[in-house]
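So you can see what is in the structure, the chains are spelled out below.
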Amino acid sequence: RDQQESSTTDEELSRAGSAGGRGGSTTPDYGEQRLPQALIVGVKKGGTRALLEAIRAHPDVRAVGTEPHFFDRNYHRGLEWYRNVMPRTLEGQITMEKTPSYFVTSEAPRRIHSMARDTKLIVVVRDPVTRAISDYTQTLSKKPEIPTFEVLAFKNRTLGLIDASWSAIRIGLYALHLENWLQYFPLAQIHFVSGERLITDPAGEMAKVQDFLGLKRIVTEKHFYFNKTKGFPCLKKPEDSSAPRCLGKSKGRTHPKIDPDVIHRLRKFYKPFNVMFYQMTGQDFQWEQEESDK
């Protein structure tokens, strides 16, 4: 099985709980640990870490920095364990966590629904072709010996048969995963963030996220600056810290060069699923534009 974006250890989780999910220096002794009212449930390599860091700049949000993986790997530990991982919050503050693998975990919607049926869900989606390449790039950095992207993407290269069982490809079948969620949650309770717009217009995407969570629009364009080296926005320096909060070195990796024919075939493969996803969500993410722009 592919490694998830980060495999969080028990030790990290207990530290996150005691440190209020902020990294130790701001351990509040007040407030109480509550189960999360909102979850960033997906998708891997879509921009979930960037979204989490941006929403944590809001004073009414407290979030776990590590991924608890409760609804996929740690469910057997029970809700009390999960609550103890959460930061302390005051009345009126929202408790959040993000674990991108929830979106593709078939049991997750039912489990979250049985915790609290009014949980707000956030899904960050991104062009599934770029997402798959980014996913592969991450695995490659940890396991340089794996086969090429082209080899893994096809069951049969000559016939052009895509291997949809490879997780890097499967995660991008958003419409199929969403069907599972819609059995338990109404569409109004799920907010979709465009991973592309999170880069080109972070303040615009964050305005919509804050509205969805019922928060005052406090995280605005003044919180971001564009980092030319990385090629994406970073959060400006918070008053109490000496450095801007930019995503770590594992973000913004250079993708390997992929055969254009493979990209073309993947776009063709994903197109019907993308169209279905646009219809289901009522939003056009314009991933098809990329093909016609060439």
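Cut-off values and rules
Residues numbered from 1 in each chain as written. Predicted model: local features only at pLDDT ≥ 70, side-chain atom pairs only at ≥ 80, totals over all residues. Heavy atoms only, no water. Helix = DSSP H or I, 4+ residues; strand = E, 2+ residues; numbered from the N terminus. Expected span 1.5 Å × (residues − 1). Buried < 20%, exposed > 50% of the residue type's maximum accessible area, 1.4 Å probe, protein only. Contact = heavy atoms within 4.5 Å. Phe/Tyr/Trp six-rings, centres within 6.5 Å; stacked < 30°, edge-to-face > 60°. UniProt positions renumbered as here; feature names shortened; annotations may be inferred.

## Concerning helix α5 (residues 128–142)
Taking 1.5 Å per residue, 15 residues should reach 21 Å; α5 reaches 21 Å between its end C-alpha atoms and fits that length. Counting buried positions along α5 yields eleven of 15 residues, so the element is predominantly enclosed. Where α5 is concerned, the buried positions are Pro-128, Val-129, Arg-131, Ala-132, Ile-133, Ser-134, Asp-135, Tyr-136, Thr-137, Gln-138 and Thr-139. On the buried face of α5, the contacting elements are α6 (149–153), α7 (167–170), α8 (174–182) and α11 (260–281).

## Brief notes about the packing of aromatic side chains
All told, the structure shown has 22 aromatic pairs when counted by the stated rule. Ring centres 6.1 Å apart and planes at 25° place the aromatic pair Phe-70 and Trp-81 in the stacked group. Of this pair, Phe-70 sits in the loop between β3 (61–63) and α3 (79–85) while Trp-81 sits in helix α3, and the two are eleven residues apart along the sequence. Summarising the burial analysis for this pair, Phe-70 and Trp-81 share the class buried.

## A look at the UniProt feature "active site" (unreviewed entry) in the protein
Taking the UniProt record as the reference, the feature "active site" (unreviewed entry) is found at Lys-45. Looking at the secondary structure, you find Lys-45 in the loop between β2 (38–42) and α2 (48–55). Look at Lys-45 and you get buried, because its relative accessible area is 9%.

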